Protein chains: 2
Amino acid sequence: MALIVQKYGGTSVGSIEKIKGVAKKVIDYHCQGNQMVIVLSAMAGQTDGLIKLAREMTEAPNPRELDVLMATGEQVSVALFAMAVKSMGYDARSLLGFQAAIYTDHLFGKARIHEVKTERIMKELEKGRIVTVAGFQGLDDHGDITTLGRGGSDTTAVALAAALKADVCEIFTDVDGVYTTDPDICPKARKMEAISYDEMLEMASLGAKVLEIRSVEFAKKYNVPIHVRSTFAKERGTMVIAETKDMERVMVSGIAYRKNEARVTIKKVPDRPGTASRIFEPVLKAGIVVDMIVQNMSEDGFTDMTFTVPRADFYKTMKLVSDVAQEIEAEKVLGDENIAKVSIIGVGMRSHAGVAQKMFEVLAKENINIIMISTSEIKVSCVIEEKYTELAVRALHEAFGLDDDQKRDQ
Amino acid sequence: MALIVQKYGGTSVGSIEKIKGVAKKVIDYHCQGNQMVIVLSAMAGQTDGLIKLAREMTEAPNPRELDVLMATGEQVSVALFAMAVKSMGYDARSLLGFQAAIYTDHLFGKARIHEVKTERIMKELEKGRIVTVAGFQGLDDHGDITTLGRGGSDTTAVALAAALKADVCEIFTDVDGVYTTDPDICPKARKMEAISYDEMLEMASLGAKVLEIRSVEFAKKYNVPIHVRSTFAKERGTMVIAETKDMERVMVSGIAYRKNEARVTIKKVPDRPGTASRIFEPVLKAGIVVDMIVQNMSEDGFTDMTFTVPRADFYKTMKLVSDVAQEIEAEKVLGDENIAKVSIIGVGMRSHAGVAQKMFEVLAKENINIIMISTSEIKVSCVIEEKYTELAVRALHEAFGLDDDQKRDQ
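Source: prediction; values computed, not measured.

Caption draft 1: Quick peek at the layout of surface pockets. Roughly 760 Å³ of volume is contained in the largest pocket. Around the largest pocket, the lining is made up of 38 residues, and of these B:S41, B:T47, B:R150, B:G151 and B:G152 lie nearest the centre. Counting residues per element, the ones that place at least two in the lining of the largest pocket are α2 (46–57), α3 (63–87), α5 (152–164) and α7 (204–210) of chain B. A per-element tally of the lining of the largest pocket places α2(B) first, with six residues. When grouped by side-chain class, the residues that make up the lining of the largest pocket number 13 nonpolar, 15 polar and ten charged. The volume enclosed by the second largest pocket comes to roughly 610 Å³. Listed by contribution, the elements that provide at least two residues to the lining of the second largest pocket are α2 (46–57), α5 (152–164) and β9 (168–173) of chain A. The class makeup of the residues in the lining of the second largest pocket is eight nonpolar, 13 polar and eight charged.

Caption draft 2: Representation of the relation of the copies chain A and chain B within the structure. When chain A is fitted to chain B, the best match, at an RMSD of 0.2 Å, comes from turning it 179 degrees and sliding it 0.0 Å along the axis. Between the two chains, the operation in question is that of a two-fold axis. Relative to the rotation axis, the C-alpha of A:T72 is the closest in chain A, positioned 2.8 Å from it. Interface residue correspondence from chain A to chain B reaches 100%, placing this contact among same-surface, isologous pairings.

Caption draft 3: Geometry of the sheet that holds β9(A). All names here are of chain A. In spatial order, the strands read β3-β6-β2-β1-β9-β11-β12-β10; together these eight strands make up an open sheet with mixed pairing. At either end of the open sheet lies a strand with only one pairing partner, and these are β3 (92–95) and β10 (194–196). For this sheet the average axis-to-axis angle between neighbouring strands, irrespective of direction, equals 20 degrees. Where strand β2 (residues 35–40) lies against strand β6 (residues 130–134), four bridges are found, and the strand directions are parallel. Residue pairing in the sheet places V37 in a bridge with V131 of β6.

Caption draft 4: Representation of the packing of aromatic side chains. Within the structure shown, the criterion is met by nine aromatic pairs over all chains. Their ring planes at 10 degrees and their centres at 4.6 Å tell us that A:Y8 and A:F172 sit as a pair that is stacked. Placement of A:Y8 in strand β1 (residues 3–8) and of A:F172 in strand β9 is noted, with a sequence separation of 164 residues between them. Relative accessible area serves as the criterion here: at 1%, A:F172 is assigned to the buried category. Look at A:F98 and B:F98: their rings are 3.7 Å apart centre to centre, the planes differ by 5 degrees, and that puts the pair in the stacked class. Taken together, the residues span two chains, with A:F98 in the loop between β3 and β4 (102–104) and B:F98 in the loop between β3 (92–95) and β4 (102–104). B:F98 shares its class with A:F98; the two are buried. Its guanidinium or amino end placed over the ring of B:F400, B:K358 lies 5.0 Å from that ring's centre, counting from NZ or CZ.

Caption draft 5: Just the pairing of β3(A), in detail. Residue and element names in this part refer to chain A. Burial along β3 is two-sided: A92 and S94 and R93 and L95, pointing in opposite directions, are all buried. Looking at chain direction, β3 and β6 are connected through four bridges and run parallel. Residue pairing across strands places R93 opposite V131, the latter belonging to β6.

Caption draft 6: Looking closely at empty space enclosed by the protein. Inspection of every chain in the model, using the stated rule, returns one cavity of 30 Å³ or more. Computed from the structure, the largest cavity encloses a volume of approximately 120 Å³. Together, 17 residues line the largest cavity, and A:L96, A:F98, B:L96, B:F98 and B:I145 are the ones closest to its centre. Of all the secondary-structure elements, those providing two or more residues to the lining of the largest cavity are α3 (63–87) and β7 (137–139) of chain A together with β7 (137–139) of chain B.

Rules used in this analysis
Residues numbered from 1 in each chain as written. Chains lettered and ligands numbered in written order. Predicted model: local features only at pLDDT ≥ 70, side-chain atom pairs only at ≥ 80, totals over all residues. Heavy atoms only, no water. 1 Å grid on protein atoms, 1.4 Å probe; cavity = no way out; pocket = protein on both sides within 12 Å on 5 of 7 lines; lining within 4 Å. Points joined across faces, edges and corners; volume = space filled by probe spheres on them. Helix = DSSP H or I, 4+ residues; strand = E, 2+ residues; numbered from the N terminus. Nonpolar A, V, L, I, M, F, W, Y, C, P; charged D, E, K, R; others polar. Least-squares fit on C-alpha atoms with pLDDT ≥ 70 in both. Contact = heavy atoms within 4.5 Å. Pairing = 2+ DSSP bridges. Axes fitted to C-alpha atoms, helices over the stretch in contact; angles between N-to-C directions. Phe/Tyr/Trp six-rings, centres within 6.5 Å; stacked < 30°, edge-to-face > 60°. Buried < 20%, exposed > 50% of the residue type's maximum accessible area, 1.4 Å probe, protein only. Lys NZ or Arg CZ within 6 Å of the ring centre and 35° of its normal.

What follows is the structure in structure tokens.
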């Protein structure tokens, strides 16, 4: 007998019929002798509908009250799901955040879970009931409802799995697993059998589509095995687990890319102490997240500085940096929105030498110019011109032996 | 400075614009120095929509889970209302049943409030905040969500007013008060300035349209003054309060009627001990509520027995009673669906003699036959043929001096 936490996303519970389908599936697991805890998202479309309602009321809805409103979405799902299970002759109980004792900090709209008390859930499981818990919501220590932000139901599921010491946390979604890269631009992408927590975190740009990143951090911290799989198929998906020796045999596990960044370059910055902090202070104060920073070797007392920011913040950043550039008497500020970041990721890099070098060679062979480079222990990222993104991803995917040769090029 | 509890019904909060209107109104009260606690119903249509969703899932939704689902309606209202108040520059907090500490028994769908702990609400009021509480919902001592049944928000408001020792409980609705009778059938009906709790309870058939009857019982028990008034007009409505000397000056305060009953007569029942209990046992066991019972004087060892039941239970009752009639060897069972009950109500009856007699005369003068009579300390009810209902109401309204002579007959 296993204790299994399963999470079903909004598409999986998007209609009365789909909820019934999930109920049947869960009853099957239950009948096989498993203890089942089911975390649900709001029915597809509900969350957007509630946000729309709030925006009709006011442009900037109060965050505390927005959470009270948003929390109704998951409440509807779990009530309907428990009704479905009951109507099929099995016992079920829905629990909201406050009933499941999911305690968070006070950050409305993006709260972090800091404790889950499992008494109530365990009591219900011991009575032989299927327990369904509203995802995405919790309670702070003032007794106020909080929500965990988009995709927060993944985190709810992982947190419950950790607290309940579940055997596995299954995340059911509308894709069938985590791929070596985006199948939309690389037809030979392969579904991975397993990926380590750290690789999954680095694969954020791909992973975010199937798994909320915070839930992976949580899973890593508490060593909760996550099984990402499709609601609509029977095959196994991808296990997200602690690193194994096996994983290190492969040089590179996956290729990720991101197109939603922009580059800012300040030419001929006088090379004095404190200049970097003067440049970044207004940017960071404005809440803009700077990703990569590159500073060239100083020449004649001047240096060029380049960094990337989210594309949505590009114009704001250009304005802020141009003002500083004048003050510090830099030559000029250049910007480029048409960039992309391509990354190779794998825990195998630690034991294989020359991985970065191989990446540069592959890109060079395709005549792709590398604008910026950054590396971490298990990742190498290159900023390139946006138009080469697909070509770079496919070339790297093949070069690092990730191609599924049973799939033909399209 | 007064502490005021106000309740706004579904029509009053039926759209974003209407909620904004209520917010403005409440802020006005707040700015006059009052402490405001606002109980809201679900937006008009929401409750029906949720019931429909549950029925799509299963014909007989589990009552516990139905309450979890239904409670979202009021949750949406209070979140939007608090957002509205905040967006207008004033401080507000929404509280759900569990946060406002409204504790009930376990009867899902028709729970009764047995305790309200006021600490959280008082704390919020002391911070100068407008507090809005989700109506209709509470928490049982298992920590499960309960709902109070249709119109339950009235009861929430009165219970909060009692617990908070509020100066007044204002029930805002889409009518402007309690009338001496139904204005739809008696154009000269007058809005009452005040009515006693007991009269209001007897006026159930009229009162139910403006005020949930359980809330009146609650108000009577804790002596909470209720002010029933219109959301969409400035005039004062009707005060529902403890009996005053003033009220006794009037012989009759109002005329009520009910058309949703039916009459059952058993002819020639052998007059033996225990017969009545044998007749009513199957009816009461079937959960049918018997209203009036009349037994004629026994003659030659036989008696006729007549009683009324809700019209919806008429055929079921006829079947049950016909079976018993055979067993006890009564002659036959007659039934009539086309009856109505007309009542005169007033605490003044206690000090005015001959009120019932006057009622009989008025009906006789209009050639209306009285089928059954029942009386209580402050009420006389007559069952008549349904087709005479409007005529009877108008005649009694005039005869007991209730007509508003500034209104012309239509």
